[in-house]
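Structure assessment
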Amino acid sequence: MYRRLSTSSVSALVKTYSLPIDNKCINSKYVPKYRLSLIDRETSVEKLHISSLPSVNIYIKRDDQLDSYASGNKLRKLEFLFADILSRPKCHHIITAGSLHSNHCKAVAVLAARFQRQAHFLLRTDRDNHDEQILQGNPLLNYLLGAKLYLISKKANIQRDIEPRIQLLEEELGGKDKCYAIPIGGSDTVGLFGYFDCFIREIIPLIDKLNLGHLVVPISSGGTMEGLALANYFTGNRVRIHAFAVSDNENYFKTHFNGILKELELDHLNQFVNNNSLVDICDSYVGLGYGRMTNEQIDFLHEIIRETGIIFDPVYTGKCLWGLYEELRNKRIDRFPTDGKNILFLHTGGLLGLMNPDFSNQWLLSSNSHANHRMRNWMTL
């Protein structure tokens with residue numbers, strides 16, 4: 001049985017939080033009061049060697065090495081979201097949503113079990129309850145961790161379908177006092193402080209040390225990018241942030257960012273989102289959509305994993321790295337000028353999502369004859 005944490009143990013993990021910079025930049029009423037101590041070290045930074053780009057200096061920040069199960073950028077956001085949850089003594093139920101194999105939901109399930117809260121997940125999928133592949137990968141971990149799973153249509157819209165379902169579930173579970181709703185990906189005005197804080201404490205010291213001019217990050221729900229972009233802006237725009245979309249389009253993410261700015265009473269920054277000076281959002285490499293890659297992207301990812309020994313997932317980091325690679329290979333100097341500045345790539349994790357059985361089919365159906373030949377040989381030994 002999962003060891004129950006005492007009240008004193010929980011209190012020891014929840015720390016008072018203050019911004020690591022002049023807090024006049026953001027109204028203090030929007031700054032989280034508490035932070036849950038889940039991350040006890042800075043993640044490592046190493047050189048990323050890509051043989052076909054010998055003249056480009058790329059460094060990679062390994063946030064994939066945070067925690068075995070709740071890893072990656074999700075954990076940084078949840079330090080603030082779970083601190084908010086634990087500050088509400090009547091709150092027992094946590095409701096959120098995502099894809100069937102959502103890493104965000106899996107991370108919430110891990111922490112909900114640890115802190116004795118009941119997790120409820122609305123999972124988008126085309127599969128049904130009788131599909132034998134439902135309880136594999138992250139859904140299996142969610143089940144083992146005690147989360148309650150609700151299958152909804154893969155095409156469910158956030159505003160029209162998911163948010164009303166969450167509100168209905170809140171009512172069924174006793175109302176808002178007993179429930180805490182986390183948006184998809186933990187991307188709201190609380191969760192974004194995970195990477196706001198990370199940028200100031202961990203990335204700023206690297207800028208001069210590594211001669212950085214660019215920070216590259218995948219973008220899906222938006223919170224990671226928004227936290228980084230705001231922290232960069234309030235500390236002098238010392239690097240250019242490039243967010244490579246893995247789903248949706250540039251307009252969607254700009255609309256989301258502007259909504260976050262409105263909630264924080266930072267509407268005057270909307271102009272910088274709209275004219276791309278706050279962040280460069282690239283939606284040219286979405287491929288076939290969320291969680292789906294083209295054969296060319298799959299072949300690239302397979303080769304880069306073999307060359308570097310670093311695992312990149314096909315949903316987020318793999319697709320983002322592909323976009324960066326294509327921009328550099330094609331010498332898109334409008335985005336990455338030849339100014340002698342180096343690039344920092346943020347590895348946001350998501351590796352357990354590779355247990356999604358659909359991905360094995362993608363690898364097998366890849367057009368790369370060498371990759372297929374190796375797989376077939378292995379399968380026939």
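Residues numbered from 1 in each chain as written. Predicted model: local features only at pLDDT ≥ 70, side-chain atom pairs only at ≥ 80, totals over all residues. Heavy atoms only, no water.

Take the overall build of the protein next. Of the regular secondary structure elements, the protein holds 13 helices and 12 strands. For 381 residues, the compact-globule formula gives about 21 Å, and the C-alpha radius of gyration of the protein, at 21 Å, lands near that figure. Dimensions of the protein, computed from C-alpha atoms along their principal axes, come out at roughly 55 × 55 × 40 Å. Across the 381 residues in the protein, those meeting the buried criterion constitute 55%. Excluding contacts between residues fewer than 6 apart, the proportion of contacts in the protein whose partners are at least 24 apart in sequence is 78%. Surface exposure of the protein reaches about 17,700 Å², of which carbon and sulfur atoms provide 49%. On the protein, the mean spot of the 44 positive side-chain charges and the mean spot of the 41 negative ones are 3 Å from each other. (Helix = DSSP H or I, 4+ residues; strand = E, 2+ residues; numbered from the N terminus. Rg over C-alpha atoms; globule rule 2.2 N^0.38 Å. Buried < 20%, exposed > 50% of the residue type's maximum accessible area, 1.4 Å probe, protein only. Contact = heavy atoms within 4.5 Å. Areas by Shrake-Rupley, 256 points an atom, 1.4 Å probe, with all protein chains shown as cover. Lys, Arg positive; Asp, Glu negative; His and termini not counted. Charge placed at Lys NZ, Arg CZ, Asp CG, Glu CD.)

Residues annotated by UniProt as "domain: Tryptophan synthase beta chain-like PALP" (unreviewed entry) correspond here to residues 41-349. With 40% helix and 18% strand, the stretch residues 41-349 has end C-alpha atoms that lie 16 Å from each other. (UniProt positions renumbered as here; feature names shortened; annotations may be inferred.)

A word on the layout of surface pockets. The volume enclosed by the second largest pocket comes to roughly 380 Å³. In terms of lining residues, the second largest pocket is bounded by 21 residues, among which Ser55, Val56, Leu328, Phe336 and Thr338 are the most central. Of all the secondary-structure elements, those providing two or more residues to the lining of the second largest pocket are helix H11 (317-329) and strand E12 (342-347). With three residues, H11 is the largest single contributor of residues to the lining of the second largest pocket. (1 Å grid on protein atoms, 1.4 Å probe; cavity = no way out; pocket = protein on both sides within 12 Å on 5 of 7 lines; lining within 4 Å. Points joined across faces, edges and corners; volume = space filled by probe spheres on them.)

As summarised here, the arrangement of the four strands in space is E7-E6-E5-E8, forming an open sheet in which the pairing is parallel. Strands with a single pairing partner mark the edges of an open sheet, and in this sheet they are strand E7 (148-153) and strand E8 (179-181). In this sheet, adjacent strand axes meet at a mean angle of 25 degrees when their direction is disregarded. Strand direction decides the pairing type here: strand E5 (residues 93-99) and strand E6 (residues 118-125), joined by seven bridges, are parallel. If you follow Thr96 over to E6, its bridge partner there is Phe121. This element, helix H5 (residues 158-172), spans E5, E6, E7 and E8 of the sheet and lies at about 155 degrees to E6. (Pairing = 2+ DSSP bridges. Axes fitted to C-alpha atoms, helices over the stretch in contact; angles between N-to-C directions.)

Under the local residue numbering, the UniProt record ascribes the feature "modified residue: N6-(pyridoxal phosphate)lysine" (unreviewed entry) to Lys74. Sequence-distant contacts of Lys74, defined by excluding residues within four places in its chain, comprise Asn103, His104, Ala107 and Tyr316.

Over its 14 residues, helix H10 (residues 295-308) runs 20 Å from end to end, which matches the ideal 20 Å to within 8%, given 1.5 Å per residue. Of the positions making up H10, those classed as buried are Gln297, Ile298, Asp299, Phe300, Leu301, Ile304 and Ile305. Where H10 terminates, the next one or two residues include Gly309, which has phi positive at roughly 75 degrees. (Expected span 1.5 Å × (residues − 1).)

For any pair of aromatic rings, the description consists of the separation of the ring centres together with the inter-plane angle of the planes. Under the criterion given, the structure shown has 13 aromatic pairs. Ring centres of Phe82 and Phe115 lie 6.3 Å apart, and the angle between their planes is 40 degrees; this geometry places the pair in the tilted category. Here Phe82 is found in helix H2 (residues 73-86), whereas its partner Phe115 is found in the loop between helix H3 (103-114) and E6, with 33 residues between them in sequence. With respect to class, Phe82 is no different from Phe115; both count as buried. Aromatic side chains Phe193 and Phe196 sit 5.7 Å apart centroid to centroid with 45 degrees between the ring planes, which places their arrangement in the tilted category. Here Phe193 and its partner Phe196 are both found in helix H6 (residues 193-209), three residues apart, which amounts to about one turn of the helix. With respect to class, Phe193 is no different from Phe196; both count as buried. By way of ring pairs, the aromatic residues Tyr17, Phe80, Phe193 and Phe196 are connected into one cluster. Over the ring of Tyr59 we find Lys47, and its NZ or CZ is 5.7 Å from the ring centre. (Phe/Tyr/Trp six-rings, centres within 6.5 Å; stacked < 30°, edge-to-face > 60°. Lys NZ or Arg CZ within 6 Å of the ring centre and 35° of its normal.)

If you trace the six strands from one edge of the open sheet to the other, you get E3-E4-E12-E9-E10-E11, paired in mixed fashion. For this open sheet the edge positions go to strand E3 (45-48) and strand E11 (280-282), each flanked by a neighbour on one side alone. Geometrically, the sheet is characterised by an average inter-axis angle of 25 degrees between neighbouring strands, direction not taken into account. One ladder, built from four bridges, connects E3 with strand E4 (residues 58-62); its direction is antiparallel.

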